[in-house]
Amino acid sequence: MGLLNRVGVEERLAAEELGTTSECLCHEPWESYYILRRGILPCCHGSKPIAPMEDFERAWNAPALQEIRKHLARGRLSPYCLESTGCPIVQRHLHAQRTRERWLPDRVRTLGKLNRLLGGKPARLYYRLVRALS
Ligand code: SF4
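Residues numbered from 1 in each chain as written. Predicted model: local features only at pLDDT ≥ 70, side-chain atom pairs only at ≥ 80, totals over all residues.

(A) A look at the overall build of the protein. In terms of helices and strands, the protein carries 7 helices and 2 strands. Ordered by position from N to C terminus, the α and β elements of the protein give α-α-β-β-α-α-α-α-α. For the protein, the residues scored as buried account for 18% of the 134 residues in total. (Helix = DSSP H or I, 4+ residues; strand = E, 2+ residues; numbered from the N terminus. Buried ≥ 20, exposed ≤ 12 C-beta atoms within 10 Å, placed from the backbone.)

This is the structure:
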């Protein structure tokens, strides 16, 4: 079995073990890691070392790296990744988050105006629906 196939199988098994079907956000921590003089990094965008360089054999299965993999396999960014702001995946995530935050208050305001305009009917329908479903 080729390295890339084995990585894919390991990743899928990890996701099944975690009970998730979410799309993995990044494959880097399953495919490679960087052994530098300043320490071990899970990817080239890593902000800080997860272990000293001398521990390179143990670092592959170290709790810090497992934690990063666990988050990514669940389709989320780990706290470590969120600190690595040079990563393009993190930048995309932060940009999407900022866009959502900017857009949400406008949406709430618009829905409020629409509700007032229609004499509160949308809100009454919404609450009736919520009550019927609960
Ligand atoms: S920092 Fe970016 S490249 Fe590195 S593991 Fe996290 S998501 Fe992947």
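(B) Examining the site of the ligand more closely. The ligand sits among 14 residues. The nearest are C26, C43, C81, S84 and C87. Elements with a minimum of two residues in the shell around the ligand: α2 (28-31) and α6 (88-117). Here the residues of the shell around the ligand sort into 10 nonpolar, 3 polar and 1 charged. (Near = placed C-beta within 6 Å. Nonpolar A, V, L, I, M, F, W, Y, C, P; charged D, E, K, R; others polar.)

(C) α6, seen in detail. The end-to-end C-alpha distance of α6, which contains 30 residues, comes to 43 Å, matching closely the 44 Å that a straight helix rising 1.5 Å per residue would cover. Of all 30 residues in α6, 0 are buried, a share of ten percent or less. One or two positions beyond α6, positive phi appears at G119, with a value near 65°. (Expected span 1.5 Å × (residues − 1).)

(D) Representation of the nonpolar core. Ranked by internal contacts, the top residues of the largest apolar core, which has 15 residues, are I40, I50, A59, I68 and C81. Sorting the residues of this core by element identifies β2 (39-41), α4 (63-73) and α5 (79-83) as the ones contributing at least two each. In terms of residue count, the dominant contributor to this core is α4 (4 residues). The contacts of I50, once residues within four sequence positions are left out, are I40, L41, P42, A59, A62, A64 and L65. (Core = buried A, V, L, I, M, F, W, Y, C linked by C-beta atoms within 7 Å. Contact = placed C-beta atoms within 7 Å.)

(E) Inspection of α4 at higher detail. Among the residues of α4, those classed as buried are L65, I68, R69, H71, L72 and A73. Backbone geometry just after α4 places G75 at a positive phi near 80°.

(F) Region of the structure containing the environment of P79. Within the secondary structure, P79 is located in helix α5. Along the primary structure P79 and I68 are separated by 11 residues, whereas in three dimensions their C-alpha atoms are 7.9 Å apart.

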